[in-house]
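Each chain, letter by letter, is given below.
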Amino acid sequence: SFLTQKIIEETVRKNASYHIVSADDFFMRGGKYQYDASKIAEAHEFAKKMFCNRASKGYSPLIVDNTNLEYWEFFYYMQVAVQYDYHIEMLEPSTPWKFLVTKLALKNSHSVPMEKIEMMKRKFETGSTVENILSSLNLTAVREPKMRNFPPIEAPSSEEQVNGNNNNDVDL
């Protein structure tokens, strides 16, 4: 979630909720996270519908912020992204502690127990590429993604330009 927020801050600067799709959003009630394990399938269907809706409207960037441990978990998102001519990237955290279960247990915002994090770590698949996964689905990566401007990206304010804080030279 931190990486997702950083990408949005550095690109569109506001209205992150337009650009981020997460099953966690299903569990938000009155601004509070109320997880119910019995509704996880419903939460993921909710996220898929939100992604398809936003992709069909041309939102960009469009980020899926889910704990996708195994490749099959994001097949749907890749199929929809190809259907609507999106460029696809898979990102994972680059922190030195990304596989340190104790540190992850301390840092996660949903109080996920260490035993669950350990199980998730064992299931985590790594080493494939977008191209390999698309190929396994008989899909081809979009060569020239559509130019998008929805919602419109605002130019930096005059104050941001004066302070040199226009984020145009940030590497993501």
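Rules and cut-offs
Residue numbering note: each chain is counted from 1, following its sequence as written. At least 70 in pLDDT is required for a residue's local features to be given in this predicted model, at least 80 for side-chain atom pairs to be given and counted, and no such filter applies to totals for whole chains, interfaces and linings, which use all residues. Calculated side-chain values reflect all of the structure's heavy atoms, with hydrogen atoms and water omitted. For salt bridges, the criterion is a side-chain nitrogen of Lys or Arg within 4 Å of an Asp or Glu carboxyl oxygen. Residue exposure (1.4 Å probe, protein chains only): buried if accessible area is under 20% of the type maximum, exposed if over 50%, otherwise partly exposed. Think of a nonpolar core as a cluster: buried Ala, Val, Leu, Ile, Met, Phe, Trp, Tyr and Cys residues, connected wherever their side-chain atoms sit within 4.5 Å. Every helix listed is a DSSP run of H or I at least four residues long, and every strand listed is a run of E at least two residues long, numbered separately from the N terminus. Residue contacts are defined here by distance: any two heavy atoms, one from each residue, within 4.5 Å place the two residues in contact. Under the rule applied, a polar contact is a pair of N or O atoms within 3.5 Å (in protein, one hydrogen donor and one hydrogen acceptor; residues adjacent in sequence only if both atoms are side-chain atoms). Each residue carries a pLDDT score, the predictor's confidence in it, ranging from 0 to 100. Expected helix span is taken as 1.5 Å per residue step, with the number of steps being one fewer than the number of residues. Note that the arc is defined by the directions from the helix axis to the C-beta atoms.

**Here we look at the pattern of salt bridges**
Then, number 1: Using the criterion set out here, one finds 5 salt bridges in the structure.
Then, number 2: A salt bridge links lysine 98 to glutamate 92, with the nearest nitrogen and oxygen atoms 2.7 Å apart.
Then, number 3: When its relative accessible area of 33% is taken as the criterion, glutamate 92 is described as partly exposed.

**A short note on the nonpolar core**
Then, number 1: Within the largest apolar cluster, 23 residues are counted, with the highest numbers of intra-cluster contacts made by Phe51, Leu62, Phe74, Met78, Ile88, Ile133 and Leu134.
Then, number 2: Looking at this core, the elements that each hand over two or more residues are helix H3 (40–57), helix H4 (75–83) and helix H7 (130–136).
Then, number 3: Tallying contributions element by element places H4 first for this core, with 5 residues.
Then, number 4: Setting aside residues no more than four positions away along its own chain, phenylalanine 74 makes contact with Asn68, Met90 and Ile133.

**Observations concerning the side chain of threonine 4**
Then, number 1: For threonine 4, the position within the fold is in helix H1 (residues 2–11).
Then, number 2: Side-chain polar atoms of threonine 4 contact the side chain of aspartate 65, separated by 3.4 Å.

**Focus on the confidence of the model for the protein**
Then, number 1: Confidence in the prediction for the protein averages 83 pLDDT; 86% of positions are at 70 or higher.
Then, number 2: Counting contacts from residues 160–172, a segment whose pLDDT is below 50, to residues more than four positions away or on other chains yields 13 contacts.

**Details of H3**
Then, number 1: Taking 1.5 Å as the rise per residue, H3 with 18 residues should run 26 Å; its terminal C-alpha atoms sit 26 Å apart, in good agreement.
Then, number 2: Those residues of H3 lying buried are Ala43, Ala47, Phe51, Arg54 and Ala55. In an axial view of H3, the angular spread of the buried residues amounts to 100 degrees, which keeps them on one side of the axis. Along H3, exposed side chains directed more than 90 degrees from the buried face belong to Ala41 and Lys49.
Then, number 3: Where H3 is buried, its residues meet helix H2 (16–19), strand S1 (20–21), strand S4 (63–64) and H4.
Then, number 4: Glycine 58, located one to two residues past H3, shows a positive phi value of around 90 degrees.

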